[in-house]
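# Understanding the architecture of this molecule
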There are 2 protein chains.
Amino acid sequence: MYSYKYPHPAVTVDCAVFGLDDGDLKVLLIQRDLEPFAGSWALPGGFVKLEEDLEASARRELEEETGVTDLYLEQLATFGAPDRDPRERVITVAYLSIVNLFDHPVTAATDARKAAWFPVDALPRLAFDHEDILDLALARLRSKLRWQPLGFEFLPEKFTLTQVQRLYETILGEALDKRNFRKKILSTGLLVPLEEVETDVAHRAAQLYRFDRKEYARLQKKGYGFEI
Amino acid sequence: MYSYKYPHPAVTVDCAVFGLDDGDLKVLLIQRDLEPFAGSWALPGGFVKLEEDLEASARRELEEETGVTDLYLEQLATFGAPDRDPRERVITVAYLSIVNLFDHPVTAATDARKAAWFPVDALPRLAFDHEDILDLALARLRSKLRWQPLGFEFLPEKFTLTQVQRLYETILGEALDKRNFRKKILSTGLLVPLEEVETDVAHRAAQLYRFDRKEYARLQKKGYGFEI
DNA sequence: CCAAAAGTGTTAGAGATACACCCATGG
DNA sequence: CCATGGGTGTATCTCTAACACTTTTGG
């Protein structure tokens, strides 16, 4: 039992984790096992421990509820409407996250019946205000993608330029010109061609590239912009 | 006295309020009256009430501590390092705010000995992790200014193009070309020329403009970008 | 008439866009 | 040999950046 002189709200973290499955942008949801909203789908998340950093909470909850680890994570916003949780005042710090969903198999656990990927345009009703959180996360994802090379988080380590282009087209929802896209994306200097090509394809094998994280970190320091 | 099954952190809001005083970008600080950090300068802010929305808390604390009301406010980020407050675990939701400092006279109050504007390049040591919060707020201010017409929040209702240009130059820290700046800023269609000119100046009186908030709201809805 | 800031157009260069065909591979 | 996607260059246009003088007003 914990006592305070002044009332303290509960604080949770919730994660909007996006992945790309062929032509579908998907989001990772869990089915709640406990009230309130038992049986409903929700963003993975949970209570922040007292001695735990916020981002660490987000990573822990994600791992506990979905088995997903090792992912790109950034703070999105904090949602604190007084009535957003029927139990008590709960303020939630929302995180935006991006993974390559093939590298991150999901497995339900704590407080969750199951975890699964849903296409963002075919979602079930979500618990709490998680639809609002997700809307904001999607808007942020689309706008960040245009001027930061976040997209590579969706891809495997080695990828082709066509994969990158499809990724952008899927998330932005518009077709892009192949030659112009390649020029732009290569002109960033962030893509390193490997000495390898695709295998097992029934057509000319594409050049493989990797994303140069070090170079990106360097560029970011001295102010950096690109634009798709 | 309040009791919980699980420990709850305290939650506060803190505001980085910027104002423009001629050639100086200033930030509003309060001198703390209570421990911890009694006597130190800090961002205005305080504990969130249990039934109170986050943004409402920020507005209330600002009014209580500095007398400033009626301002532009947007959520910046949430800071939650476990040891950021020596008393107990305190998670703070930081807000970014912009005012015309001549329209918003400050008056110290609750929990504060006094409130005052400080130039951002001549700050005292700040309490807690408020220097980190302020750094982030400044970075966000500068980057937002380039592609959103936030700057008008600094200005009085009626202003001249030269005032707008000075504002941008002060915050971005670089000189801008007068003709190009005017072309760009007018081409947004967000500035409405008034049937008035400056008065009491010892030179040619400049055209006065107002910022068209309605038009801006309209543009924002259908996706909108500009770039200084 | 002098000081101070307001106001105004043009040109050159860079970057963005539009666009179509040949190539390599596996089946 | 055919189907599939991989890979490539150029011309046009638009947007940006650089740049200097005349006008108005008050003192």
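Preceding block: the structure.
Because the structure is predicted, anything quoted here is derived from the model rather than measured.

Quick notes on the rules
Residues numbered from 1 in each chain as written. Chains lettered and ligands numbered in written order. Predicted model: local features only at pLDDT ≥ 70, side-chain atom pairs only at ≥ 80, totals over all residues. Heavy atoms only, no water. Helix = DSSP H or I, 4+ residues; strand = E, 2+ residues; numbered from the N terminus. Buried < 20%, exposed > 50% of the residue type's maximum accessible area, 1.4 Å probe, protein only. Contact = heavy atoms within 4.5 Å. Areas by Shrake-Rupley, 256 points an atom, 1.4 Å probe, with all protein chains shown as cover. Lys, Arg positive; Asp, Glu negative; His and termini not counted. Charge placed at Lys NZ, Arg CZ, Asp CG, Glu CD. Near = heavy atom within 4 Å. Polar contact = N/O pair within 3.5 Å; in protein donor to acceptor, adjacent residues only side chain to side chain. Nonpolar A, V, L, I, M, F, W, Y, C, P; charged D, E, K, R; others polar. Patch = residues over 30% accessible without salt bridge, like charges linked within 9 Å, V, L, I, M, F, W, Y side chains within 5 Å. Salt bridge = Lys/Arg side-chain N within 4 Å of Asp/Glu carboxyl O. Buried area = accessible area lost by both parts, 1.4 Å probe. Pairing = 2+ DSSP bridges. Least-squares fit on C-alpha atoms with pLDDT ≥ 70 in both. Phe/Tyr/Trp six-rings, centres within 6.5 Å; stacked < 30°, edge-to-face > 60°.

Attention now moves to the overall build of chain A. Summing up its helical and strand segments, chain A has 5 helices and 10 strands in all. A total of 228 residues make up chain A; the buried ones form 50% of that total. Put simply, of all contacts in chain A between residues at least 6 apart along the chain, 66% involve residues at least 24 apart. For chain A, the accessible area works out to roughly 11,300 Å², and carbon and sulfur atoms hold 49% of it. The centroid of the 30 positive side-chain charges in chain A is displaced by 6 Å from the centroid of its 38 negative side-chain charges.

A few words now on the protein's contact with DNA strand C. In the region of DNA strand C, 18 residues are neighbours, and A:Asn180, B:Thr162, B:Lys178, B:Lys183 and B:Gln207 sit closest. Expressed as a percentage, the sugar and phosphate content of the atoms of DNA strand C within 4 Å of the protein is 39%. A distance of 3.5 Å separates a base nitrogen of DNA strand C from a polar atom in the backbone of A:Arg204. B:Lys178 has a polar side-chain atom sitting 2.7 Å from a base nitrogen of DNA strand C. Along the lines of polarity and charge, the residues of the surface near DNA strand C split into 3 nonpolar, 5 polar and 10 charged.

With that out of the way, let us pick up a positive patch on the surface. Together, A:Lys178, A:Arg179, A:Arg182 and A:Lys183 give the surface a local cluster of positive charge. Mapped onto the elements of the fold, A:Arg182 is located in helix H4 (residues 178-187).

In this section: the interface of chain A and chain B. Tallying the contact residues gives 29 residues for chain A and 29 residues for chain B. Between chain A and chain B, a total of about 2,400 Å² is buried, with carbon and sulfur atoms accounting for 60% of that surface. Summed over the three residues of chain A that lose the most area to chain B, namely A:Tyr4, A:His8 and A:Leu50, the buried surface amounts to 23% of that side. Between chain A and chain B we count 0 salt bridges in total. The interface formed by chain A and chain B includes 16 residue pairs in polar contact (both at pLDDT 80 or more). Put simply, the parts of the chain that give the side of chain A that touches chain B at least two residues each are strand S1 (2-4), strand S2 (10-21), strand S6 (72-79) and strand S7 (90-98) of chain A. Tallied by class, the residues present in the side of chain A that touches chain B amount to 17 nonpolar, 5 polar and 7 charged. Bridging between S1(A) and strand S1 (residues 2-4) of chain B involves 3 bridges; their strand directions are antiparallel. Residue pairing for S1(B): A:Tyr2 is matched across the bridge by B:Tyr4.

What follows deals with the relation of the copies chain A and chain B. You can overlay chain A on chain B at an RMSD of 0.1 Å; the transform is a turn of 180 degrees with a shift of 0.0 Å along its axis. Given the turn and translation reported, the copies of this chain are related as if by a two-fold rotation axis. Residue A:Ser3, judged by its C-alpha, is the member of chain A lying nearest the rotation axis, at 2.2 Å. The fraction of interface residues of chain A whose copies in chain B are also interface residues reaches 100%, indicating that both copies meet through the same surface.

The next point concerns the packing of aromatic side chains. Residue and element names in this part refer to chain A. In this structure the tally under the stated criterion is 13 aromatic pairs over all chains. An angle of 15 degrees between the planes, with centres 4.4 Å apart, marks the rings of Phe152 and Phe211 as stacked. Separated by 59 residues along the polypeptide, Phe152 in the loop between helix H2 (130-147) and helix H3 (161-172) and Phe211 in strand S10 (residues 207-211) bring together distant segments of the chain. Per residue, the accessibility class of Phe152 equals that of Phe211, and both read buried. An aromatic cluster is present here, built from Phe152, Phe159, Phe211 and Tyr216 joined pairwise through their rings.

Let us now look at the side chain of A:Ser97. Residues and elements named next belong to chain A. Along the chain, the position of Ser97 falls in strand S7. When its relative accessible area of 0% is taken as the criterion, Ser97 is described as buried. A polar atom in the side chain of Ser97 sits 2.9 Å from the backbone oxygen of Tyr72. Beyond its immediate chain neighbours, meaning those up to four positions away, Ser97 contacts Ala16, Val17, Phe18, Leu71, Tyr72 and Leu73.

On to the protein's contact with DNA strand D, then. Around DNA strand D sit 20 residues, and of these A:Thr162, A:Lys178, A:His203, A:Gln207 and B:Arg204 come closest. With respect to DNA strand D, the side chain of A:Arg182 contributes an N or O atom lying 3.3 Å from a phosphate oxygen. At a separation of 3.5 Å, a base nitrogen of DNA strand D approaches a polar side-chain atom of B:Lys183. When the residues that make up the surface near DNA strand D are grouped by side-chain class, the tally is 5 nonpolar, 5 polar and 10 charged.

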